[in-house]
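Remarks on the overall topology
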Amino acid sequence: MNKQVIFKKRPIGNVEADVFELQNNAIPELEEGEILIQQHYVSLDPAMRGWMNDTKSYIPPMAIDSVMRAGSIGKVIQNNNNPKFEIGDCVTSWGGVQQYVVTNGDGWYKVDERLAPMPMYIGTLGMPGMTAYFGIQEVGKIKEGDIVLVSGAAGAVGSIVGQIAKIKGCTVIGIAGGKEKCDYIKNELGFDDAIDYKSENIYTALKKKCPKGVDVFFDNVGGLILNAALSKLRMHARVVICGAISQYNNKSKIDGPSNYLSLLVTRSTMQGMVVMDYAKDYAIAAKQMGVWMKEGKLKSREDVYEGIENFQETYNRLFSGDKNGKLVLKVIE
Ligand code: NAP
């Protein structure tokens, strides 16, 4: 049997328990060329909230009654003559929030479990890590000496953004919620400074901690934080719009930045990015990140919860911030 989290209802505002239904369904027989994957971990990402909305986006919205969309990693446990895979292969793709997947293997990639633990392949070596790698370098166009500000700085994307900027010789200030996370990014990850947006006034803190302004603002949060950061741009700054988690559960329209004319004054650019646009170069990025990790320059932290039945409660940690690092759910029993 296959425990699956089924998407039942489009939420308005926060995601409540009735948005999902946990079902236990039979695993279909494999047809010729198909494999059966037992999933070990699924990735929990803020983007999930956007996929629930019936609005135009960079990928189609989820259909009601479909398995909840999610990145995942697991192992091939049966193979009905698919030449590309062997039993025991560790594989990753968009397997959804379920324990088993029957597939012809299209879109599934093998990874080497001896090089990194499985959760890391859906975190730093997976989609969030790729977002950080390409976002800060290709869109943020960082160069040595830049002052880089990053929001959501203790999270899956932000923590990697800040560390890559440090590797590239930038000064890095992170914005995160709470003293523990701020201490973590400074003391463990080597950020130069941190702003606790939960206890500090963001405008006052930016004035104090970014007195010369910022060359790059990498934004994961939007809203008030984006607006405040726009007031600190240096000449020819780059603002990377990666996400706006503070706005995802809004019941009305999202808050736009009123300080946008600072882009004009400083001749700066603000550019959105979608990680999938860089898919052809993921392997190059993962290789480089692996080297940095081996050299001790890049740290990765995964926060793993257990039990597919705890999906909704675990998902909500993305929005409460009650988690440390990349949020992952273990679904194998
Ligand atoms: P994450 O940081 O691991 O988790 C979300 C974090 O957001 C929470 O831990 C919380 O941290 C913070 N947060 C939640 N509500 C907030 C609020 N109202 N104000 C300020 N901070 C808030 O998530 P992630 O995977 O790294 O994703 C970060 C952002 O990148 C999201 O916006 C996501 O949608 C975006 N993203 C975009 C792409 C792309 O291709 N464009 C790809 C991946 C991710 P604190 O405890 O610090 O508040």
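Residues numbered from 1 in each chain as written. Predicted model: local features only at pLDDT ≥ 70, side-chain atom pairs only at ≥ 80, totals over all residues. Heavy atoms only, no water.

**Things to note about the sheet that holds strand β13 (residues 269-272)**
The parallel open sheet is built from six strands, whose spatial order is β10-β9-β8-β11-β12-β13. Edge positions in the sheet fall to β10 (193-196) and β13, since each has one partner strand and no second. Put simply, the sheet's adjacent strands are angled 15° from each other on average, direction ignored. Direction of pairing for strand β12 (residues 233-241) relative to β13: parallel, over a ladder of four bridges. Across the sheet, the residue bridging to I241 is G272, located in β13. Helix α4 (residues 156-167) rests against β8 (147-151), β9 (171-176) and β11 (214-219) of the sheet, and its axis sits at about 170° to β8. Against the sheet, helix α7 (residues 223-230) makes contact with β8, β9, β11, β12 and β13, and its axis sits at roughly 160° relative to β12, the strand it touches most. (Pairing = 2+ DSSP bridges. Helix = DSSP H or I, 4+ residues; strand = E, 2+ residues; numbered from the N terminus. Axes fitted to C-alpha atoms, helices over the stretch in contact; angles between N-to-C directions. Contact = heavy atoms within 4.5 Å.)

**Concerning the packing of helix α6 (residues 202-209) against α7**
Where α6 meets α7, the axes come as close as 10 Å, and the angle between the chain directions of the two elements is 40°. The angle between the axes of α6 and α7 places the two elements in the oblique class. Of the two elements, α6 crosses α7, and the hand of that crossing is right-handed. Contacts between α6 and α7 pair I202, Y203 and L206 from the former with L224, I225, N227, A228 and A229 from the latter. (Parallel < 35°, antiparallel > 145°, perpendicular 65-115°, else oblique. Left-handed = near helix turned anticlockwise from the far one by under 90°.)

**Remarks on helix α3 (residues 127-139)**
Of all the 13 residues making up α3, eleven are buried; the element is thus mostly covered by neighbouring parts of the structure. Along α3, the residues classified as buried are P128, G129, M130, T131, A132, Y133, F134, G135, I136, Q137 and V139. Just downstream of α3 lies K141, where phi reads positive at about 45°. (Buried < 20%, exposed > 50% of the residue type's maximum accessible area, 1.4 Å probe, protein only.)

**Topic: unusual backbone geometry**
At K141, a position not held by glycine, the phi torsion is positive, near 45°. Unusually for a residue other than glycine, R267 sits at a positive phi of about 55°. Mapped onto the fold, R267 is located in the loop between α8 (261-266) and β13. Residue classification places R267 among the exposed positions, given a relative accessible area of 54%.

**Overview of the domain arrangement of the chain**
Examined at the domain level, the chain breaks down into domain 1 (2-123 + 300-330) and domain 2 (127-276). Tallying the contact residues gives 20 residues for domain 1 and 16 residues for domain 2. At the boundary of domain 1 with domain 2, total buried surface from both sides reaches about 1,600 Å², with 61% on carbon and sulfur atoms. Three residues, Y58, R301 and F319, lead the burial of domain 1 against domain 2; their summed loss comes to 25% of the area buried on that side. Counting every contact that joins domain 1 to domain 2 gives zero salt bridges. (Domains from an automatic or database assignment. Buried area = accessible area lost by both parts, 1.4 Å probe. Salt bridge = Lys/Arg side-chain N within 4 Å of Asp/Glu carboxyl O.)

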